[in-house]
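Architecture and fold: a report
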Amino acid sequence: MSYRVALNFEDGATRIIDCKDGEKVLDAAYRNKINIPMDCSDGVCGTCKCRCEEGEYELGDEYIEDALTEGEAAEGLVLTCQMLISSDCVISVPAPSSACKIKAQEYEAELKTVDLASDSTIVLTLDLARKGELDFLPGQYVNLNVSGTTEARAYSFSSRPRSDSVSFLIRNVPDGLMSRWLIDEAKPGVKMRFVGPNGSFFLRNVERPVILLAGGTGLAPMLSMLEVLARRECNHPVHLIYGVNHDGDLAELERIKMLAANISSFTWDCVVADENSNNPLKGYVTHHLDDARLNGGDCDIYLCGPPPMVEAVRVFLKKKNVEPRHFYYEKFVASEAV
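First, a word on what this report is: a plain description of the structure on this page. (Residues numbered from 1 in each chain as written. Predicted model: local features only at pLDDT ≥ 70, side-chain atom pairs only at ≥ 80, totals over all residues. Heavy atoms only, no water.)

Quick look at the sheet that holds strand β11 (residues 152–156)
The condition that has to hold: Two strands qualify as a pair provided that DSSP identifies no fewer than 2 bridges between them. Runs of H or I in DSSP of at least four residues are treated as helices and runs of E of at least two as strands, each being numbered from the N terminus. The angle between two axes is taken between their N-to-C directions and runs from 0 to 180 degrees, where each axis is a line fitted to C-alpha atoms and a helix contributes only its stretch in contact.
The strand order across the open sheet formed by six strands is β11-β10-β13-β8-β9-β12, and the pairing between neighbours is antiparallel. Both outer strands of the open sheet, β11 and β12 (165–171), are each paired with one neighbouring strand and no more. Recorded for the sheet is a direction-independent mean angle of 40° between the axes of neighbouring strands. By the bridge criterion, five bridges tie strand β8 (residues 106–118) to strand β13 (residues 191–198) in an arrangement that is antiparallel. Note on β13: the bridge partner recorded for E110 is K191.

Some details on the pattern of salt bridges
The cut-off we apply is this: When a carboxyl oxygen of Asp or Glu is within 4 Å of a side-chain nitrogen of Lys or Arg, the pair counts as a salt bridge. Any residue under 20% of the maximum accessible area for its type is buried, any over 50% is exposed, and the rest in between are partly exposed; the area is computed with a 1.4 Å probe on protein chains only.
Counting across every chain of the model gives 20 salt bridges. Linking E110 and K191 is a salt bridge whose minimum nitrogen-to-oxygen distance equals 3.2 Å. Linking E110 in strand β8 with K191 in strand β13, this pair joins segments that are 81 residues apart in sequence. Across the pair R208 and D300 runs a salt bridge, and its minimum N-O distance is 3.2 Å. Here R208, found in the loop between β13 and β14 (210–215), pairs with D300, found in strand β17 (residues 300–305); they are 92 residues apart in sequence, far enough to count as distant. When its relative accessible area of 9% is taken as the criterion, R208 is described as buried. Here the salt bridges do not stand alone but share partners, grouping E207, R208, D298, D300 and R325 into one network.

Considering the nonpolar core
Put simply, the rule reads: Note on terminology: a nonpolar core comprises buried Ala, Val, Leu, Ile, Met, Phe, Trp, Tyr and Cys residues joined through side-chain atoms within 4.5 Å. Contacts are assigned to residue pairs with any non-hydrogen atoms lying within 4.5 Å of each other.
Among the nonpolar cores identified, the biggest contains 31 residues, and L212, L219, M222, L226, L240, Y242 and Y302 are the most heavily contacted of them. Of all elements in the fold, only β14, α4 (219–229), β15 (238–244), α5 (253–262), β16 (266–272) and β17 reach the threshold of two or more residues within this core. The element that contributes the greatest number of residues to this core is α4, accounting for seven residues. Once residues within four sequence positions are removed from consideration, M222 is found in contact with F201, L212, L213, A214, L240, Y302, L303 and C304. Counting residues in hydrophobic clusters, the runner-up holds 30 residues, among them V5, L7, I34 and L68.

Notes on the environment of L250
You can see L250 is positioned in the loop between β15 and α5. With 133 residues separating them along the chain, L250 and A117 place their C-alpha atoms 8.1 Å apart. With sequence-adjacent residues up to four places away left out, L250 is seen in contact with A117, S118, Y242, V244, C270, V272 and N279.

Notes on helix α7 (residues 307–320)
Defined as follows: One less than the number of residues in a helix, times 1.5 Å, gives the span that helix is expected to have. An arc is given here, and it is the one of the directions from the helix axis to the C-beta atoms.
Here α7 is 14 residues long and its end C-alpha atoms lie 20 Å apart, about the 20 Å a rise of 1.5 Å per residue gives. The complete set of buried residues in α7 reads M309, V310, V313, F316 and L317. Taken down its axis, α7 places every buried residue within 125° of arc, on the same side. In this structure, α7 carries P308, K318 and K319 as exposed residues pointing more than 90 degrees from its buried face. Buried positions along α7 lie against β14, α6 (291–294), β17 and β18 (326–331).

Some details on the side chain of E23
For the record, the criterion: Two N or O atoms count as a polar contact when they lie within 3.5 Å, although within protein this holds only if one can serve as hydrogen donor and the other as acceptor, and sequence-adjacent residues are included solely when both atoms are side-chain atoms.
Along the chain, E23 falls in the loop between β2 (14–20) and α1 (25–31). Reaching out from E23, the side chain makes a polar contact with the backbone nitrogen of K20 at a distance of 2.9 Å.

So, the environment of D290
Along the chain, D290 falls in the loop between β16 and α6. Looking at D290, the relative accessible area reads 40%, which means it is partly exposed. In terms of polar contacts, D290 uses its side chain to reach the backbone amide nitrogen of R293, at 2.9 Å.

Some thoughts on unusual backbone geometry
Residue P197 is bonded to the preceding G196 through a cis peptide linkage, with omega at 0°. On the secondary structure map, P197 appears in strand β13. If you check the backbone angles, K33 has positive phi at about 65° while not being a glycine. A relative accessible area of 68% means that K33 is categorised as exposed. Even without being glycine, D175 reaches a positive phi, approximately 65°. Following the sequence through the fold, D175 ends up in the loop between β12 and α3 (177–184). Relative accessible area serves as the criterion here: at 60%, D175 is assigned to the exposed category.

Observations concerning the state of the cysteines
Under the convention used in this document: Two cysteine sulfurs form what is called a disulfide whenever their separation falls within 2.5 Å.
This model, assessed by the stated rule, comprises zero disulfides. Considering cysteine sulfurs only, C299 is the nearest to C234, which forms no disulfide, with 14 Å between them. Taking relative accessible area as the criterion, C234 reaches 11% and is therefore assigned buried.

Details of the sheet that holds β18
Reading across the sheet, the five strands line up as β16-β15-β14-β17-β18 and stay open at both edges, with parallel pairing between neighbours. Only two strands of the sheet have a single partner each, and these edge strands are β16 and β18. Between one strand axis and the next, the sheet turns through 10° on average, direction left out of account. Judged from the six bridges that link them, β17 and β18 form a sheet pairing that is parallel. The partner of L303 across the bridge, within β18, is Y329. Most of the contacts of α4 go to β14, to which it runs at about 145°, and overall it touches β14, β15, β16 and β17.

Spelled out as structure tokens, the structure:
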């Protein structure tokens with residue numbers, strides 16, 4: 001038996017490794033050629049101290065308090081040289097990936113389809129050269145190379161991990177480098193490369209009501225999260241509010257409906273800012289984020305959208321005097337213009 005361990009480094013890089021049953025996490029990392037900082041490997045120095053964000057584990061008693069205090073252990077800090085896991089885990093490593101002798105992971109894929117899902121959204125699907133080789137945490141992103149150039153753009157996965165193909169929602173930016181290439185030049189079969197996965201915005205264990213707030217192509221990481229939840233037992237409410245500017249910007253609605261049919265605790269709304277919209281719900285996502293959903297702050301909020309949207313939600317919560325148990329957010333900025 002082995003477990004999946006996602007090592008998240010402070011520069012945003014992620015490497016997912018296997019850890020055998022009974023194997024110390026530090027040993028598993030070294031076996032996978034990842035040099036987590038350490039000095040003693042005996043629970044004495046504390047150099048290999050990291051934070052476990054998710055998962056089940058034991059630390060035993062073969063370490064001294066100078067290396068890891070009782071208070072630190074209670075806060076989720078761990079000594080990877082002593083840590084024995086009993087489930088998949090996510091571990092934050094307080095060091096850049098370069099310090100751990102990790103090179104950026106590059107993947108090659110073949111363009112499968114390019115679909116204009118709405119006036120402002122392109123859905124790009126790629127087939128991986130090596131099937132099932134890519135693992136990531138739902139919500140993370142990669143840097144995708146623009147074919148024929150040295151330029152790359154950051155896009156979140158909208159697909160689930162460990163699949164034979166990956167997909168992205170790409171904003172259709174007028175005169176954007178990637179947008180123009182996809183619409184005017186891209187053809188099935190062309191080779192594309194990307195580097196990743198990256199990012200600390202990803203789905204954690206669902207332990208309380210979850211609110212997903214998506215603006216425009218910020219829907220992509222939410223779709224990846226929902227794809228994973230559709231394959232897990234989820235006993236807490238999960239609610240998505242998807243906001244766009246105009247009716248013509250709405251995308252992937254049928255896919256959201258299919259996910260809703262497979263996640264019994266999932267509900268969703270789409271909101272259009274344009275006051276002349278034909279959509280039943282108008283305005284911004286904050287106009288439809290009610291007190292019942294916020295659950296007195298006992299909720300986890302995931303937010304992905306442009307900076308003004310992120311700031312508007314932060315101000316809204318402050319005015320409401322609501323502090324969510326966890327508030328994870330990812331800002332994106334259009335950077336496609338030449």
